[in-house]
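Take a look at the letters that make up each chain.
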Amino acid sequence: MIFVSILGIVTLVLFARAIGFARNPVLDADEARRVAEAQLPGFAGVEAAIDEGGRGARVRGRDGQVARVFGHGDRWVVRLDA
Amino acid sequence: MTFPDPIQLATPAFIILVLVEMLAVRFGARGDYDWRDSFTSLTMGFGSTMAAVVFGATIVAIYAAVASHHLLTIPITWWSGALCFVADDLLYYAFHRSAHRVRWFWASHVIHHSSQHYNLTTALRQTWTGFWSLSFAFRLPLLLVGFDVRLVLFVAGINLIYQFWVHTEAVQRLPFGLEYVLNSPSHHRVHHGSNPRYLDRNYGGVFIVWDRMFGTFEAERDDEPVRYGLVHNIATFNPLSTATHEWVAIARDLRDAKTWRGRWMAVAGPPGWTENGTPSTADAIRAAWEARTSPAE
């Protein structure tokens, strides 16, 4: 039962990858601001610096706070710098 | 009378339906997948079944012990089955609402919300630590009233199976007024949203009427797409980190708490409560959002 379950997981995951669910999108400045504003309610980005070849960004907010955006699979994770 | 294990019977259908949804999305249906995200979700589901094996006997023993103090003797019939199913779903609502409002319970339930995707594999992204969060305790009233342990476990399995299919973007709205009564893909998409409007809404398992009755219902709006995931999304696909990240955060907050109130709230307060600084509870986020926007929006 355990091995069947593991085989099922591996099959589904490899199938997902094989049919193209394996994107690694890149950011531009507008997209970085949009992502930061979407994940941080109330945050208003004014400028963004792209790094890691578009897989990350630092977005400065109107209030001076800086949000870091980094790739997580085909999605993004945002953290406010302390 | 013996009952089959509905989860075990349904598992092959789960796998087939995931494959069908993947292909449907690939050919244009609404939805999305990421193989890394699916790996985490499916592995969490596998681990959850292993946890059920480890703790299942203990839970059944507790249920049997509590059932021995039953108030009534309710026979196993079609009507008691239907009654038990509805009552179980009401208790599921109570469990689910508590799981979002009390951090000790949230530490287990957060796993289910930790994906930024919403597809049928998300349904299988389940906790490994539900036993420690006492999720089984919410069904004890059924046993005290007098429902048979086997019947309670059976309807709980049916409830869980129902909730599998609502984890999809491929279905828009249900026909024939069913959206008013049943939890649906649309209602449950809202539940998985981290948009301030959608936070902590639509706790219902099978019936959405509980949310309508208790004031926690929010309809999905076509002009506000759901942003899936957490207020503070996790940045890992590691199943072990996914399973334990909120427990680790609780331990860190307990260590750093300066007062006994802070320690209590770190465990029993709402997720996002903080002793210092700006809270990021659902209520605080919604209040700040409402202050920024007009009521008409």
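Overview of the structure. Each chain carries its own residue numbering, running from 1 in the direction its sequence is written. The lettering of chains begins at A and the numbering of ligands begins at 1, in the order of writing. Confidence filtering applies because this is a predicted model: local features only for residues at pLDDT of at least 70, side-chain atom pairs given and counted only at 80 or more, and all residues used for totals across whole chains, interfaces and linings.

## Focus on the overall build of chain A
Thinking step 1. Helix and strand counts for chain A come out as 2 helices and 4 strands.
Thinking step 2. In sequence order, the secondary structure elements of chain A are arranged as α-α-β-β-β-β.
Thinking step 3. For this measure, only C-alpha atoms enter the radius of gyration; the expected value for a globule follows 2.2 Å times N^0.38, where N is the number of residues. Here the C-alpha atoms of chain A give a radius of gyration of 17 Å, more than 25% beyond the 12 Å that 2.2 N^0.38 yields for 82 residues.
Thinking step 4. Reported as C-alpha extents along the three principal axes, the dimensions of chain A are approximately 55 × 20 × 15 Å.
Thinking step 5. Burial is judged by counting other C-beta atoms within 10 Å of a residue's own C-beta: 20 or more means buried, 12 or fewer means exposed, and anything between counts as partly exposed, with every C-beta placed from the backbone. Relative to its full complement of 82 residues, chain A shows a buried share of 29%.
Thinking step 6. The contacts of chain A with a sequence gap of at least 6 include a subset with a gap of at least 24, amounting to 32%. Comment: elements are numbered from the N terminus, with helices defined as DSSP H or I runs of at least four residues and strands as E runs of at least two. Each residue is represented by a C-beta atom placed from its backbone, and any two residues with such atoms within 7 Å are regarded as in contact.

## Some points on the interface of chain B and chain A
Thinking step 1. Facing 25 residues of chain B, the contacting portion of chain A comprises 22 residues.
Thinking step 2. Broken down by secondary-structure element, the contributors of at least two residues to the side of chain B that touches chain A are α1 (6–26), α2 (35–67) and α13 (282–292) of chain B.

## Here we look at α2 of chain B
Thinking step 1. The largest bend in α2 of chain B comes to about 50°, at Phe55 of chain B.
Thinking step 2. Of the surrounding elements, those touching the buried residues of α2 of chain B are α1 (2–18) of chain A together with α5 (120–124) and α11 (239–256) of chain B. We define the bend at each residue as the angle formed by axes fitted to the 7 residues ending at it and the 7 residues starting at it.

## Remarks on unusual backbone geometry
Residue and element names in this part refer to chain B.
Thinking step 1. For Leu134, which is not a glycine, the phi torsion comes out positive at approximately 65°.
Thinking step 2. A positive phi is found at Phe176, a non-glycine position, where the angle reads about 60°.
Thinking step 3. With respect to the helices and strands, Phe176 occurs in the loop between α7 (149–165) and α8 (178–181).

## With respect to the sheet that holds strand β1 (residues 45–51) of chain A
Sheet strands pair by backbone hydrogen bonding; their relative direction is either parallel or antiparallel.
Residues and elements named next belong to chain A.
Thinking step 1. Strand order in the open sheet made by the 4 strands is β1-β2-β3-β4, with antiparallel pairing throughout. Among the strands making up the open sheet, the edge pair consists of β1 and β4 (75–80). Taken pair by pair, the neighbouring strands of this sheet meet at an average axis angle of 25°, ignoring direction.
Thinking step 2. Only when DSSP finds a minimum of two bridges between them are two strands counted as paired. By the bridge criterion, 6 bridges tie strand β3 (residues 66–72) to β4 in an arrangement that is antiparallel. Pairing of Arg68 across the sheet is with Arg79, part of β4.
Thinking step 3. The axes used here are C-alpha line fits, helices contributing only the stretch in contact, and every angle between their N-to-C directions lies in the interval 0 to 180 degrees. Sheet strands in contact with helix α2 (residues 29–39) are β1, β2 (56–61), β3 and β4, and its direction is about 120° off that of β1.

## Re the pairing of β2 of chain A
In summary, the side chains of a regular strand alternate between the two faces of the sheet.
Residue and element names in this part refer to chain A.
Thinking step 1. Of the strand pairs in this sheet, β1 and β2 are connected by 6 bridges, and their pairing is antiparallel. Directly across from Asp51, in β2, lies its bridge partner Gly56.
Thinking step 2. Where β1 folds back on β2, the antiparallel hairpin that results is connected by 4 residues, among which Glu52 adopts a positive phi of roughly 55°.

## A word on the pairing of β3 of chain A
All names here are of chain A.
Thinking step 1. Bridge analysis of β2 against β3 gives 5 bridges, and the strand direction is antiparallel. Looking across to β3, one finds that Arg60 is bridged to Val66.
Thinking step 2. Connecting β2 to the next strand, β3, in antiparallel fashion are 4 residues, including Gly64 with a positive phi near 90°.
Thinking step 3. Hairpin remark: β3 followed by β4, antiparallel, with 2 residues in the connecting loop; positive phi at Gly73, about 65°.

## Section: the nonpolar core
Thinking step 1. In this usage, the nonpolar core is the set of buried Ala, Val, Leu, Ile, Met, Phe, Trp, Tyr and Cys residues whose C-beta atoms join them within 7 Å. Residues Tyr93, Ala99, Trp106, Val110, Ile111, Phe207 and Ala243 of chain B are the most contacted members of the largest nonpolar core, which totals 17 residues.
Thinking step 2. For this core, the secondary structure elements donating two or more residues are α3 (78–101) and α4 (103–109) of chain B.
Thinking step 3. Here Tyr93 of chain B is in contact with Tyr203, Gly204, Gly205 and Trp210 of chain B, once residues within four sequence places are set aside.
Thinking step 4. Of all hydrophobic cores here, the second largest spans 16 residues; its members include Phe21 of chain A together with Met22, Val25 and Tyr33 of chain B.

## Let's talk about α7 of chain B
Thinking step 1. Of the positions making up α7 of chain B, those classed as buried are Leu151, Val152, Phe154, Val155 and Ala156 of chain B.
Thinking step 2. Elements in contact with the buried residues of α7 of chain B: α1, α2, α3 and α6 (140–145) of chain B.

## Description of the environment of Leu151 of chain B
All names here are of chain B.
Thinking step 1. Relative to the elements of secondary structure, Leu151 occurs in helix α7.
Thinking step 2. C-beta crowding within 10 Å serves as the criterion here: with 23 such atoms nearby, Leu151 is assigned to the buried category.
Thinking step 3. With 66 residues separating them in the primary sequence, Leu151 and Phe85 have C-alpha atoms 8.9 Å apart.
Thinking step 4. Once you skip the residues sitting within four places of it in the chain, Leu151 turns out to touch Ile76, Ser80, Gly81 and Cys84.

Limitation: the analysis is restricted to geometry and does not speak to function.
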